[in-house]
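The residues making up each chain are set out below.
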Amino acid sequence: MAIKGKTAVVTGSTSGIGLGIAQALARAGCNVVMNGLGTEKDNEKAIADVRSHGVRVAFDPANMLRHNQIADMIAKAERDFGSVDILVNNAGIQHVAPVEEFPIEQWDAIIAINLSSAFHTVRAALPGMKKRKWGRIINICSAHSLRASPFKSAYVSAKHGLAGFTKAVALEVAELGITSNAISPGFVWTPLVEKQIPDLAKSENINEDQAKRKVLARQPTSRFVTVEQVAALAAFLASEEAASITGANYSIDGGWTAQ
Ligand code: NAD
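No experiment lies behind these values; they were computed from the predicted model shown.

### Brief notes about the site of the ligand
Alright, step 1. Around the ligand lies a shell of 29 residues, among which Thr14, Ser15, Asn90, Tyr155 and Val188 are the nearest.
Alright, step 2. Asn90 places a polar main-chain atom, nitrogen or oxygen, 2.7 Å from an oxygen atom of the ligand.
Alright, step 3. Protein coverage of the free-state accessible area of the ligand, which is 830 Å², stands at 92%.
Alright, step 4. Considering only residue class, the shell around the ligand consists of 15 nonpolar, 13 polar and 1 charged.

See the structure below:
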C-alpha cells in the first residue's frame, strides 16, 4: 500500500482502537502524530510501541473538548512534519443513562468529543489537503451510527451525526483527491470494553463468561471484533488503492447491522 512517508494524525491514539490504527499506519511507513489523555507512563509506552516501526512519531496532548487546542495540534503537525495527509478522528467517550437522567455535562462532552472534534480537525486539516490534492479522512463511528440502543442517547446522536458529517465532507471534496469515510465497529475488545465485564457480572450476579456473552448478544458471530481488524481496514482506506472509496460507512460488526 503506497502510503509510505505520509503523515497521519490519529486522535485518541494512546489506547484501544486509536493505538491499533497508529501502529498499522506506522507499519505501513507513515509518520504519526499521536494524541490522547491518560497517564504519562501509559502514553510513553504507546508512543514507544508506534515508534518501534521506525517512523517519526510525535505526541500532542490536545483535549478534544477544546477547539483552539485542536487547531493548534493540526497547525503544529503541518509545521513539524510538512503536511497532514491522513486524519483519523477516533477519540471518543461513552456514558449510559436514561434520557431524563442524562447529566447535561456528559451530553455536552460526548457531542463535543465524539462529533464536534471531527469538525474542528477536518476544518483545520482540509486547506493543506486541498493544496496538495491528496487527503484521507477516516472517522471512527460505531454500529451506533446505524442502530440505536436505549440509555445511549448522546453516543447514538453523536455517531449518527459523525456518519452524516463524513458524507457531507466527502461530497464537498470529491474532485480534489481527498476521501472521507467512516468505519463502524460493533463491540471491539479494548480496555474500555474489558473494564465493563467485571462490573456487568457483579451487577447482574453472573460470571464473567456469561457477562461477555450478554455483551455479545447483538453480534451474530458471538465474537468481539479485534483492534487489529479495525486498524487493517483503516490502513486500507488510507491507501492509494482506496482512492475511489468515499462517503462510505463500513460496518465491521460481526453481522450486528445485517439484522
Ligand atoms: P479507549 O477508551 O480505549 O480509547 C479512547 C481514546 O480517546 C484514548 O486514547 C483517550 O485518551 C482518548 N480520549 C478520550 N477523551 C479525550 C479527549 N477529551 N481528548 C483527547 N483524547 C481523548 O476506547 P476505544 O474502545 O478504543 O474507542 C475508540 C473509538 O472507537 C471511540 O470513538 C469509540 O466510540 C469507537 N468505538 C469503540 C467500540 C468498542 O467496542 N470499543 C465500538 C464502536 C466504536
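### Some thoughts on helix H4 (residues 104-132)
Alright, step 1. Its 29 residues place the ends of H4 41 Å apart at the C-alpha level, agreeing with the 42 Å of an ideal helix rising 1.5 Å per residue.
Alright, step 2. Looking one or two residues past H4, Lys133 carries a phi angle of roughly 55°, positive in sign.

### Considering the packing of H4 against helix H5 (residues 153-172)
For any two helices packed against each other, one specifies the crossing angle of their axes together with the interaxial distance.
Alright, step 1. Put simply, H4 and H5 touch, their axes get as near as 8 Å, and they point 10° apart. Here H4 is positioned roughly parallel relative to H5, judged by the angle of their axes. Remark: the crossing between H4 and H5 carries right-handed chirality. Here Trp107, Ile110, Ile111, Asn114, Leu115, Ala118, Phe119 and Val122 of H4 come into contact with H5, specifically with Ser153, Ala154, Tyr155, Ser157, Ala158, Lys159, Gly161, Leu162, Phe165 and Val169.
Alright, step 2. A per-class count over the contact of H4 with H5 returns 13 nonpolar, 4 polar and 1 charged.

### Here we look at the domain arrangement of the chain
Alright, step 1. The assigned domain composition of the chain is domain 1 (7-187 + 226-251) and domain 2 (189-223).
Alright, step 2. With 9 residues of domain 1 at the interface, the matching set in domain 2 holds 6 residues.
Alright, step 3. Of the roughly 680 Å² buried between domain 1 and domain 2, counting both surfaces, carbon and sulfur atoms make up 58%.
Alright, step 4. Applying the counting rule to domain 1 against domain 2 returns 0 salt bridges.
Alright, step 5. Across the contact surface, domain 1 and domain 2 share 3 residue pairs in polar contact (both at pLDDT 80 or more).

### So, the environment of Ala243
Alright, step 1. Of note, Ala243 is situated in the loop between helix H9 (227-238) and strand S7 (249-252).
Alright, step 2. With 66 residues separating them in the primary sequence, Ala243 and Gly177 have C-alpha atoms 7.4 Å apart.
Alright, step 3. Residues within four places of Ala243 in sequence aside, it is in contact with Arg136 and Thr179.

### A short note on the packing of helix H1 (residues 16-27) against H9
Alright, step 1. Contact geometry for H1 and H9: axes closest at 8 Å, N-to-C directions at 50°. Of the possible angle classes, the one that applies to H1 and H9 is oblique. Both H1 and H9 take part in a crossing whose hand is right-handed. Judged by residue contacts, Gly16, Ile17, Gly20, Ile21, Ala24 and Leu25 of H1 engage Val227, Val230, Ala231, Ala234, Ala235 and Ala238 from H9.
Alright, step 2. Residue composition of the contact of H1 with H9, grouped by class: 10 nonpolar, 2 polar and no charged.

### Observations regarding the pairing of strand S3 (residues 57-60)
Alright, step 1. Across 4 bridges, the pairing between strand S2 (residues 31-35) and S3 is parallel. Each bridged residue has a counterpart across the sheet, and for Val33 the counterpart in S3 is Ala58.
Alright, step 2. Note on the crossover from S2 through helix H2 (residues 40-51) to S3: the handedness is right-handed.

### Concerning the pattern of salt bridges
Two side chains with opposite charge may pair up if their charged atoms get near one another.
Alright, step 1. Throughout the structure, instances matching the rule amount to 5 salt bridges.
Alright, step 2. Salt-bridge contacts for Glu78 lead to Arg132; the nearest nitrogen and oxygen are separated by 3.8 Å. Note that Glu78 is positioned in helix H3 (residues 67-81) and Arg132 in helix H4, a separation of 54 residues in sequence.
Alright, step 3. By relative accessible area, Glu78 is classed as partly exposed at 24%.
Alright, step 4. The salt bridge partner of Glu204 is Lys214, with a shortest N-O separation of 3.0 Å. Note that Glu204 is positioned in helix H7 (residues 196-204) and Lys214 in helix H8 (residues 208-215), a separation of 10 residues in sequence.
Alright, step 5. In this structure Lys214 comes out as partly exposed when scored by relative accessible area, which is 45%.
Alright, step 6. Ionic contacts of the salt-bridge type, sharing partners, join the residues Glu78, Asp85 and Arg132 into one network.

The rules behind the values
- Residues numbered from 1 in each chain as written.
- Predicted model: local features only at pLDDT ≥ 70, side-chain atom pairs only at ≥ 80, totals over all residues.
- Heavy atoms only, no water.
- Near = heavy atom within 4 Å.
- Polar contact = N/O pair within 3.5 Å; in protein donor to acceptor, adjacent residues only side chain to side chain.
- Areas by Shrake-Rupley, 256 points an atom, 1.4 Å probe, with all protein chains shown as cover.
- Nonpolar A, V, L, I, M, F, W, Y, C, P; charged D, E, K, R; others polar.
- Helix = DSSP H or I, 4+ residues; strand = E, 2+ residues; numbered from the N terminus.
- Expected span 1.5 Å × (residues − 1).
- Axes fitted to C-alpha atoms, helices over the stretch in contact; angles between N-to-C directions.
- Parallel < 35°, antiparallel > 145°, perpendicular 65-115°, else oblique.
- Left-handed = near helix turned anticlockwise from the far one by under 90°.
- Contact = heavy atoms within 4.5 Å.
- Domains from an automatic or database assignment.
- Buried area = accessible area lost by both parts, 1.4 Å probe.
- Salt bridge = Lys/Arg side-chain N within 4 Å of Asp/Glu carboxyl O.
- Pairing = 2+ DSSP bridges.
- Right-handed = clockwise from strand over helix to strand, strands pointing away.
- Buried < 20%, exposed > 50% of the residue type's maximum accessible area, 1.4 Å probe, protein only.

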